[in-house]
Amino acid sequence: MPKLTQFDAHEFIQSIIQCLNDILQVRTARIRWRRCRRRGGFPEGRPTPPAAPHHSTRTAVPTEKVDMENTFHGIIAFALMVTMLLAGTLLRKWVPLLRNALVPASVTGGVIGFAVLSMDLVPGYSASDFVALTFHFFTLSFMSLCLTGSSKNTALSGGSIVIGGLWLTVIWTISLGAQGVLGYGVIVAYDQVTGSDLSAFLGAIVTHGFTQGPGQALTYGGIWEKEFGIENAAQVGLIYASLGFIVAFVVGVPMAKWMVRKGLNANKASKIDGEFLSGFFSPQTQPEAGRQVTHPANLDSLAYHICLLGLGYLLTHLWLVWIRDLAAGFTPWGLNLDVLFSHNLFFLHGLVICVIIRWCIDRAGLARYVDDESMKHITGGAVDFMVVGTLMSIKFSVLGALLVPILLVTVAITVFTAALCMLLGHKSGKLGYERAVTIFGCCCGSTGSGLLLLRMVDADFSTSVAKELAFYNIAIVVATFHLLFIFAPIAPSMSAGMYVAVFGGTALLALALVPVLARWTPAPAARASEAQLPGGLSGS
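Residues numbered from 1 in each chain as written. Predicted model: local features only at pLDDT ≥ 70, side-chain atom pairs only at ≥ 80, totals over all residues. Heavy atoms only, no water.

Engineer: Is there a simple way to think about the overall build of the chain in this case?
Structural biologist: Within the chain one finds 22 helices and two strands. Long-range pairs, those at least 24 residues apart, make up 78% of the contacts in the chain between residues at least 6 apart in sequence. (Helix = DSSP H or I, 4+ residues; strand = E, 2+ residues; numbered from the N terminus. Contact = heavy atoms within 4.5 Å.)

Engineer: Would you mind going over a nonpolar patch on the surface with me for this structure?
Structural biologist: Taken together, the side chains of Met68, Phe72, Ile75 and Ile76 define a hydrophobic patch exposed on the protein surface, amounting to about 360 Å² of accessible area. The topology assignment puts Ile76 in helix H3 (residues 73-94). (Patch = residues over 30% accessible without salt bridge, like charges linked within 9 Å, V, L, I, M, F, W, Y side chains within 5 Å. Areas by Shrake-Rupley, 256 points an atom, 1.4 Å probe, with all protein chains shown as cover. Salt bridge = Lys/Arg side-chain N within 4 Å of Asp/Glu carboxyl O.)

Engineer: Sorry if this is basic, but what is going on with the packing of H3 against helix H15 (residues 372-392) here?
Structural biologist: Working note: a packed helix pair is described by the angle between its axes plus the distance between those axes. In contact at an axis separation of 10 Å, H3 and H15 are set at 105 degrees when each is read in the N-to-C sense. As far as their axial angle goes, H15 and H3 are roughly perpendicular. On the side of H3, the interface is formed by Phe78, Leu80, Met81, Val82, Met84 and Leu85, while H15 contributes Asp384, Phe385, Val388, Gly389 and Met392. Tallied by class, residues from the contact of H3 with H15 come to nine nonpolar, one polar and one charged. (Axes fitted to C-alpha atoms, helices over the stretch in contact; angles between N-to-C directions. Parallel < 35°, antiparallel > 145°, perpendicular 65-115°, else oblique. Nonpolar A, V, L, I, M, F, W, Y, C, P; charged D, E, K, R; others polar.)

Engineer: Quick question: what am I supposed to make of the pattern of salt bridges here?
Structural biologist: Side chains that carry opposite charge are capable of pairing whenever their charged atoms lie near each other. Taken as a whole, this structure holds six salt bridges when the rule is applied. Between Asp372 and Arg358 there is a salt bridge, with its nearest N and O atoms 3.4 Å apart. With Asp372 in helix H15 and Arg358 in helix H14 (residues 346-363), the pair connects residues that are 14 residues apart, well separated along the chain. Given a relative accessible area of 15%, Asp372 falls into the buried group. Classification of Arg358 as buried rests on a relative accessible area of 7%. Its salt-bridge partner being Arg455, residue Asp384 comes within 2.5 Å of it at the nearest N-O pair. Here Asp384 is found in helix H15, whereas its partner Arg455 is found in helix H18 (residues 447-457), with 71 residues between them in sequence. Here Arg455 falls in the partly exposed class, since its relative accessible area comes to 23%. A single network of salt bridges, built from pairs that share partners, joins Arg358, Asp362 and Asp372. (Buried < 20%, exposed > 50% of the residue type's maximum accessible area, 1.4 Å probe, protein only.)

Engineer: Explain helix H11 (residues 233-262) to me, please; I cannot follow it from the model alone.
Structural biologist: It helps to recall that an α-helix has 3.6 residues per turn; residues three or four apart then point in one direction. Counted at 1.5 Å a residue, the expected span for H11 with its 30 residues is 44 Å, and the 42 Å between its end C-alpha atoms agrees. At Gly252, H11 is deflected by roughly 30 degrees, the largest bend along its length, and proline Pro254 occurs up to four residues later in sequence. Taken across its 30 residues, H11 has 22 buried, putting it largely inside the fold. Note on H11: the residue one or two positions beyond its end, Gly263, has a positive phi of about 70 degrees. (Expected span 1.5 Å × (residues − 1). Bend = angle between axes of the 7 residues up to and from the residue.)

Engineer: Is there a simple way to explain the environment of Val409 in this structure?
Structural biologist: Looking at the element boundaries, Val409 is found in helix H16 (residues 403-426). Along the sequence, Val409 and Leu182 sit 227 residues apart, while their C-alpha atoms lie 8.0 Å from each other. Residues within four places of Val409 in sequence aside, it is in contact with Gly183, Val186, Ile187, Gly203, Val206 and Tyr240.

Engineer: Even after reading the chapter, I still don't get the packing of aromatic side chains, so can you show me in this structure?
Structural biologist: Two aromatic rings are characterised by how far apart their centres lie and by the angle between their planes. This model, assessed by the stated rule, comprises 12 aromatic pairs. For the ring pair Phe137 and Phe385, a centre distance of 4.9 Å and an interplane angle of 50 degrees mean the geometry is tilted. Separated by 248 residues along the polypeptide, Phe137 in helix H6 (residues 131-146) and Phe385 in helix H15 bring together distant segments of the chain. Note on Phe137: relative accessible area 14%, which makes it buried. Residue Phe385 is classed as partly exposed on the basis of its relative accessible area of 22%. On the numbers, 4.7 Å between centres and 50 degrees between planes, the contact of Tyr313 with Phe346 is tilted. Placement of Tyr313 in helix H13 (residues 301-327) and of Phe346 in helix H14 is noted, with a sequence separation of 33 residues between them. There is no split in this pair, since Tyr313 and Phe346 are both buried. Among the aromatic side chains, those forming a connected cluster through ring pairs are Tyr184, Phe201, Trp224, Tyr499 and Phe503. (Phe/Tyr/Trp six-rings, centres within 6.5 Å; stacked < 30°, edge-to-face > 60°.)

Engineer: I would appreciate a short explanation of the confidence of the model for the chain in the present structure.
Structural biologist: With 78% of its residues at a pLDDT of 70 or more, the chain shows a mean pLDDT of 80. Per-element mean pLDDT across the chain ranges from 42 in strand E1 (residues 4-5) up to 95 in helix H21 (residues 496-512). Contacts for the low-pLDDT stretch residues 1-7, under 50 throughout, to residues beyond four places or in other chains number 15 contacts. The low-confidence segment residues 526-540 (pLDDT under 50) makes 26 contacts with residues lying over four places distant or belonging to another chain. (pLDDT = per-residue confidence, 0-100.)

Engineer: I tried to follow unusual backbone geometry on my own but got confused; where do I start?
Structural biologist: Most peptide bonds take the trans form, and the phi angle of most residues other than glycine is negative. One non-glycine residue with positive phi stands out, namely Asn232, at about 65 degrees. Within the element layout of this structure, Asn232 appears in the loop between helix H10 (214-228) and H11.

Engineer: Help me understand the nonpolar core in this model?
Structural biologist: For soluble globular proteins, the rule of thumb is that nonpolar side chains tend to be buried together. By size, the foremost hydrophobic cluster in this structure holds 128 residues, and its most contacted members are Phe249, Met259 and Ile439. Top element by residues in this core is H11. It accounts for 15 residues. (Core = buried A, V, L, I, M, F, W, Y, C linked by side-chain atoms within 4.5 Å.)

Engineer: Is there a simple way to explain the side chain of Thr410 in this structure?
Structural biologist: Of note, Thr410 is situated in helix H16. Leaving out residues up to four positions away in the same chain, Thr410 has contacts with Phe210, Tyr240, Leu243 and Val247.

Engineer: So what exactly am I meant to see when it comes to H18 here?
Structural biologist: When you tally the buried positions in H18, you get 10 out of 11 residues, the bulk of the element. If you check which residues of H18 are buried, you get Thr447, Gly448, Ser449, Gly450, Leu451, Leu452, Leu453, Leu454, Met456 and Val457.

Dropping the structure here:
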């Protein structure tokens, strides 16, 4: 294979300009030579015409070489990820246990990929290779969702997206504060019963693993471990995040399955039949994947919609680069706000950018040039890639003596979170069941697991809950700013009373907003099958 070379763009452009200048000079000299020949005047004899300059593009380009083999690492990581996704898809069709349990292909594929990486069956690849892929697919899933127009079917609307998004925000805020206090209390009780001397913050970090996810658990755990000496905080945080994903699907999937079987979901495209169980449409019922917007002789329609998403990505990057320089060194009240404008929060800024892009498209009357079904497929695909990548990027550590307290915390958090989400979700009005299962996934794994559970009861994201989820991702940053950016990083420096007051007080304040939201929320139409929630919980 021929070796390619890298070159400096400025030097290459200068070389091209010099070459064009030399050609122009020779051209001028030749014109003058021909004129003199026609006039018969060569005072110093007959000279030869000027020769064209010889420019070697090889000498103008530096000889630093690139080994193309090294460029394949990220591509093969993605190929490995989608291969696991394909394996999960086929296993769902062929294995009755997976089919009847409605385990999504991305979960099965992620577990297989985790096992493959843990056994080192693919040399040169580890869990860390899938972190960046997971991050970007998570970002793409929400940015593409914000580029999608509103559903034309009013029956699938849950009313105001803001009101629905506020319900999700309130539930998540209660979960964030209450999970931290509950985890803290479980470890304190465990120490008293067993005589152990574990830090209570090894229980408190559960809220950053469950309610937030592996990234935040690793971030805060690393700070607690390095700055405050909380031993194994980062590893324990990742373990909680891993268990949170398992809980989201072990509990969430049966919950969603129950809703679909009872017909409690608004989108009747999600119904349990042979196709739903196997995960494949029959040839006779395969639906269309959207409409073509661009002529294929000009640009493929899917590529066109990806271009719109790419535009949002580019504008978000340029915005962050610009605002980051302006915000550098800006520390009001001693708070470093640089973190708000880092690329770690790219998805948050990307949501706003894509909302603005979609608003401009609608205001300009150009909505006909965006196919919402194509955008929904991009969103759904990004969710699948994100979930399988998340499971493949998680690495379980040896728990040893911490196994028992971690399991106790996990069980307590699971029971509390399931009850919270089902009771308050049901009270959120129309589409309450969709909100309940979605926010349960968010409070036990990440927004991605919430989206995946939502897709089980809303197969094509036709209800307004997906849009509410996009609003909620912005609102929770505002609602819990004091916890996430002020108190969470320094939590181990706080006394037990102060920690409970700050995190527990935030949960109680959010809970106090529930009656206010209830008054703003229209009562849903009664359904015959809504009388009883799973486990005997009343729906009224």
